[in-house]
Amino acid sequence: MADAAEAEKYRSKNAYPVPLKSAKCNPKCLLKKYLTNQVFDQLKTKKTKRGVSLWDCINSGVVNLDSGTGVYAGDEESYTVFAPLFDKVIEDYHSPYKLKDGHTSDMNPDRVNAPDLDPDNRFIRSTRIRVGRNLKGYGLAPSLTKKERVELEKKVVGVLTSLTGDLAGKYYPLTGMDEVTREQLVNDHFLFKKGDRFLDAAGCNKEWPEGRGIFHNNEKTFLVWVNEEDQLRIISMEMGSDIGSVFSRLCRAVNELDKKLGFQHTKSHGYLTSCPTNLGTGMRASVHVKIPHAKDHPEFDKICEKFHIQARGIHGEHSESTGEDAGVYDISNKRRLGLSEVQCVQDMYNGVKSLLEIERAAIEKQRSVFPEALNKEECKSLLKKYLTAEMFNSLKDKKTAKGISLYDCINSGVVNLDSSCGVYAGDEESYSLFSPLFDKIVEHYHAPYKLADKHTSDMNPEKVTAPNLDPDGVFIRSTRIRVARNLKGYALTPGLTRKERNEIEKKVTEVLCSLTGDLAGKYYPLTGMDEATRQKLVDDHFLFKKGDRFLEAAGVNKLWPEGRGIFHNNDKTFLVWINEEDQLRIISMEKGSDIGSVFSRLCRAVNELDKKLGFQHTDAHGYLSGCPTNLGTGMRASVHVKIPKASEHPDFQKICDEFHIQARGIHGEHSVSTGEDAGVFDISNKRRLGLSEVQCVQDMYNGVKKLLEIEKAA
């Protein structure tokens, strides 16, 4: 849509831009609407003291005929010298505001009434508030000279790097940025790109990327873009829904920067920006919030208008919410000029509050009736098998002491009809309060175990008979044993609050980092992880990803990746995942076939952690887990073993069944061993509940021993 050559024909003659009157021009473009021949002739020979002309201000809209606004101010004086054009554009865009009314700023966070809207983090993923600001004594971005831009960068960075407390951080200039830093900023979603064709035609991209860069604090909750569309884009953000906290941080930062740098401001226009749409507060206050029901409400648009908010997809303007982000929207304030920053934030807060009231009411209504989706033919889950309408109605109004409902437990299975199990417990009490459902599923999955039989744990490695099966390393590549554990006094992962998750992370890491000997190591939090560390953990196969759609629907992924991380020992033979599907996934592993050694290390670690932390456990269920399939030992003991001949033996499956083991490819569940891994299988125990950890390991050992006997004989 951009045609710089066509625009230049008229610019070179300082003639009226006729393309604005063509059918190609956006009929709603404000430049087209208000730049009459009379206004053009009145202004075409005028220039600001900095030399900014009318054509400098309108060039972007003439080059890009699909523009919505079409004008950019080159400096503060542009707004007065070219007022016959700018005033009309401003008052149209910011209607009903009139420039004669005057604009008032207010960056006092105490004046916003914003109690946390979503303390359980069921709906709001993140909060972000930004303002655009420009320094007194300089042109706006379109007219900045190279010397001014570099000078401005130096001045701003000097102030930013002097900030202390939670605002203290580091500046990253775009010029000369190394690839590791660039990749890290991309992963953090902090890096800004060269301006689009609209900004390019306005003159904002000159000498890119010189004089531009990014500052962020150590906690990555405060960010400043230097010399992007405006000289400063000042941003405060954090995971979750504490809008008051985010605004408070922004106010402290902006007020400090204004005091030390001084921002361009007029009584009529508020804080000045190059694009007239950002005048006034220059503010965009937004949350990412999951509101699929509210979005489909017939009054959705009216509610947005009432509270002066706008909704879009979370991947930028004009984007749609799809896939795992379906139903998640970016909700922000719409007004910027003629009201204060406090009012902008209050607009957004009040609008989101109203939408959440609709969303909660719709969910409550939906959850009050039996989920008929379970009756569909494609649904084969244990949830479908055992949840009758009668059972649903008897349990639907009950809640645990931590607020977990039946629907919280079954939501994943209702959303994902291809689930095999379909239920997740939100806390320990879920297993007793909703026992009419859970008991049937548990006993079906773990048959022939009966909950009345009771479960016994045994983490004594000396009770396993496990001489090395493959001392020459011909068949067994590696051994890995893991258990799932959850801490007493907390909900299980689907029901954890933000506070609980962070508290668990802190408590667990303190214990892990106190371990000594061959268990001593280091903790790597996912939040703020640098690219080099991330890549190293990927290469070591230690990094875990955000949970799949089953875990997402169960509530396990809330505020990802906050409160999660990885600990591993110095020898890389002991690993702990914190707040993944369970609060702890404790793993012992090593190359080769010494199953006894791997189990011994795991026992020492688990027993030490249990002593210092305490794990959830009942006589009937063993160690508790969010997913009923992991109850009991929570154990998966496995080896990667090359058995191409044994796997083709006609009795292969019978042998697996006899020794209670299961075989799969080495790249995860449902994978197949091919290529250089052909014939290599992951062999693991199948039983978890109703037998001890010692017995699980012995199952796996005995089964692998039998398969190796067949392989060697063949």
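Residues numbered from 1 in each chain as written. Predicted model: local features only at pLDDT ≥ 70, side-chain atom pairs only at ≥ 80, totals over all residues. Heavy atoms only, no water.

### Quick look at the overall build of the chain
No. 1: Scanning the chain from terminus to terminus reveals 25 helices and 20 strands.
No. 2: For the chain, the spread of C-alpha atoms along the three principal axes comes to 95 × 60 × 50 Å.
No. 3: Per-residue burial for the chain yields a buried fraction of 57% across its 714 residues.
No. 4: A separation threshold of at least 6 residues defines the contact pool for the chain, and within that pool the share at least 24 residues apart is 73%.
No. 5: Within the chain, the 102 negative side-chain charges are centred at a point lying 4 Å from the centre of the 103 positive side-chain charges. (Helix = DSSP H or I, 4+ residues; strand = E, 2+ residues; numbered from the N terminus. Buried < 20%, exposed > 50% of the residue type's maximum accessible area, 1.4 Å probe, protein only. Contact = heavy atoms within 4.5 Å. Lys, Arg positive; Asp, Glu negative; His and termini not counted. Charge placed at Lys NZ, Arg CZ, Asp CG, Glu CD.)

### So, the domain arrangement of the chain
The figure often quoted for interface size is the accessible area lost as the parts come together.
No. 1: Entries for the chain in the domain assignment read domain 1 (4-95), domain 2 (109-363), domain 3 (372-453), domain 4 (483-632) and domain 5 (633-713).
No. 2: Look at where the C-alpha atoms of domain 2 and domain 3 centre, and you get two points 43 Å apart. (Domains from an automatic or database assignment.)

### Notes on the nonpolar core
No. 1: Membership of the largest hydrophobic core comes to 60 residues, with the highest contact counts inside it found for Leu232, Ile234, Phe247, Leu250, Met283, Ile291 and Ile331.
No. 2: The element that contributes the greatest number of residues to this core is helix α13 (residues 341-367), accounting for 10 residues.
No. 3: Once residues within four sequence positions are removed from consideration, Met283 is found in contact with Ile129, Arg130, Val131, Phe247, Leu250, Asn333, Arg336, Glu341, Cys344 and Val345.
No. 4: In terms of nonpolar packing, the next biggest core, distinct from the first, is built from 59 residues, Val464, Leu609, Tyr623 and Val641 among them. (Core = buried A, V, L, I, M, F, W, Y, C linked by side-chain atoms within 4.5 Å.)

### Section: the pattern of salt bridges
Note on pairing: side chains with opposite charge can pair once their charged atoms come close.
No. 1: Inspection of every chain in the model, using the stated rule, returns 47 salt bridges.
No. 2: Between Arg122 and Asp408 there is a salt bridge whose closest N-O contact spans 3.1 Å. Of this pair, Arg122 sits in the loop between α6 (83-93) and β1 (124-133) while Asp408 sits in helix α16 (residues 406-415); the two residues are 286 residues apart in sequence, bridging distant segments of the chain.
No. 3: Judged by its relative accessible area of 42%, Arg122 falls in the partly exposed class.
No. 4: Of the residues examined, Asp408 reaches a relative accessible area of 13% and is grouped as buried.
No. 5: One network of salt bridges, with partners in common, ties together Asp518, Glu590, Arg601 and Arg604. (Salt bridge = Lys/Arg side-chain N within 4 Å of Asp/Glu carboxyl O.)

### Thoughts on the packing of aromatic side chains
No. 1: Scanning the model with the defined rule gives 14 aromatic pairs in all.
No. 2: Both rings, one in Phe192 and one in Trp208, keep their centres 5.9 Å apart while their planes meet at 75°; by these two values the pair is edge-to-face. One end of the pair, Phe192, is in the loop between α8 (179-187) and α9 (197-202); the other, Trp208, is in the loop between α9 and β3 (213-217), and 16 residues separate them in sequence.
No. 3: What makes Trp208 partly exposed here is its relative accessible area of 25%.
No. 4: Both rings, one in Phe544 and one in Trp577, keep their centres 5.2 Å apart while their planes meet at 50°; by these two values the pair is tilted. (Phe/Tyr/Trp six-rings, centres within 6.5 Å; stacked < 30°, edge-to-face > 60°.)

### Details of the sheet that holds strand β11 (residues 476-485)
No. 1: Reading across the sheet, the eight strands line up as β12-β13-β14-β15-β11-β18-β20-β19 and stay open at both edges, with antiparallel pairing between neighbours. The open sheet has two free edges, formed respectively by β12 (521-525) and β19 (661-664), since each of these has just one partner strand. Within this sheet the neighbouring strands show an average axis-to-axis angle of 20°, counted without direction.
No. 2: Across the sheet, helix α22 (residues 595-613) is in contact with β11, β14 (574-578), β15 (584-591) and β18 (635-642); its angle to β15 comes to roughly 155°. (Pairing = 2+ DSSP bridges. Axes fitted to C-alpha atoms, helices over the stretch in contact; angles between N-to-C directions.)

### Some words on unusual backbone geometry
No. 1: Residue Pro209 follows Trp208 across a cis peptide bond; omega there is 0°.
No. 2: Among the structural elements, Pro209 can be located in the loop between α9 and β3.
No. 3: Of note, the amide linkage connecting Trp560 to Pro561 takes the cis form, showing an omega dihedral of 0°.
No. 4: Within the element layout of this structure, Pro561 appears in the loop between α21 (549-554) and β13 (565-569).
No. 5: Positive phi, close to 60°, is recorded for Asn121, a residue that is not glycine.
No. 6: Tracing the backbone shows Asn121 in the loop between α6 and β1.
No. 7: For Asn121, a relative accessible area of 7% translates into the label buried.
No. 8: In the Ramachandran plot, His308 falls in the positive-phi region, its phi being about 60° despite a non-glycine side chain.
No. 9: On the secondary structure map, His308 appears in the loop between α12 (300-306) and β9 (309-312).
No. 10: Judged by relative accessible area, which is 29%, His308 ranks as partly exposed.

### Here's the deal with the UniProt feature "domain: Phosphagen kinase N-terminal" (unreviewed entry) in the chain
No. 1: Under the UniProt annotation, the feature "domain: Phosphagen kinase N-terminal" (unreviewed entry) is placed at residues 11-95 and 365-447.
No. 2: The straight-line gap between the two end C-alpha atoms of residues 11-95 is 31 Å; of that span, 45% is helix and 0% is strand.
No. 3: Secondary structure over residues 365-447 splits into 48% helix and 0% strand, and the C-alpha atoms at its two ends are 36 Å apart. (UniProt positions renumbered as here; feature names shortened; annotations may be inferred.)

### Some details on the side chain of Asn227
No. 1: If you trace the backbone, Asn227 turns up in the loop between β4 (222-226) and β5 (232-239).
No. 2: On the basis of relative accessibility, which here comes to 3%, the residue Asn227 falls in the buried class.
No. 3: Ignoring sequence-local partners within four residues, the contact set of Asn227 consists of Leu144, Arg149, Leu152, Glu153, Gly211 and Arg212.

### Some points on the sheet that holds β1
No. 1: Reading across from one edge, β2-β3-β4-β5-β1-β8-β10-β9 is the order of the eight strands in this open sheet, with antiparallel pairing throughout. Each end of this open sheet is capped by a strand with a single partner; those strands are β2 (169-173) and β9. Taken pair by pair, the neighbouring strands of this sheet meet at an average axis angle of 20°, ignoring direction.
No. 2: On top of the sheet, helix α7 (residues 146-160) reaches β2, β3, β4 and β5; it is set at about 170° to β4, its chief contact.

### Some thoughts on the environment of Leu496
No. 1: Tracing the sequence through the fold places Leu496 in the loop between β11 and α19 (498-512).
No. 2: Residues Leu496 and Glu229, 267 residues apart in the sequence, show an inter-C-alpha distance of 41 Å.

### Points about the state of the cysteines
A covalent bond bridging the sulfur atoms of two cysteines is what the word disulfide describes.
No. 1: Across all of its chains, the model carries zero disulfides by this definition.
No. 2: In this model Cys344 remains outside any disulfide bridge; the closest cysteine sulfur is found in Cys251, 11 Å from its own.
No. 3: Under the relative-accessibility criterion, Cys344 is labelled buried at 0%. (Disulfide = S-S within 2.5 Å.)

### A look at the pairing of β1
No. 1: When you tally the buried positions in β1, you get seven out of 10 residues, the bulk of the element.
No. 2: Of the strand pairs in this sheet, β1 and β5 are connected by eight bridges, and their pairing is antiparallel. Bridged to Arg130 within β5 is Ile235.

### Considering the environment of Phe300
No. 1: With respect to the secondary-structure elements, Phe300 resides in helix α12.
No. 2: Spatially, the C-alpha atom of Phe300 lies 43 Å from that of Arg485, the residues being 185 residues apart in sequence.

### Observations concerning the packing of α7 against helix α10 (residues 243-261)
No. 1: It is the contact of α7 with α10, at a shortest axis distance of 10 Å, that shows an interaxial angle of 130°. When the interaxial angle is binned, α7 and α10 end up oblique. Between α7 and α10 lies a crossing of right-handed hand. Residues Lys155, Val156, Val159 and Leu160 of α7 form the contact with α10, whose own contacting residues are Leu257, Lys260 and Leu261.
No. 2: Partitioned by chemical class, the residues of the contact of α7 with α10 number five nonpolar, no polar and two charged. (Parallel < 35°, antiparallel > 145°, perpendicular 65-115°, else oblique. Left-handed = near helix turned anticlockwise from the far one by under 90°. Nonpolar A, V, L, I, M, F, W, Y, C, P; charged D, E, K, R; others polar.)

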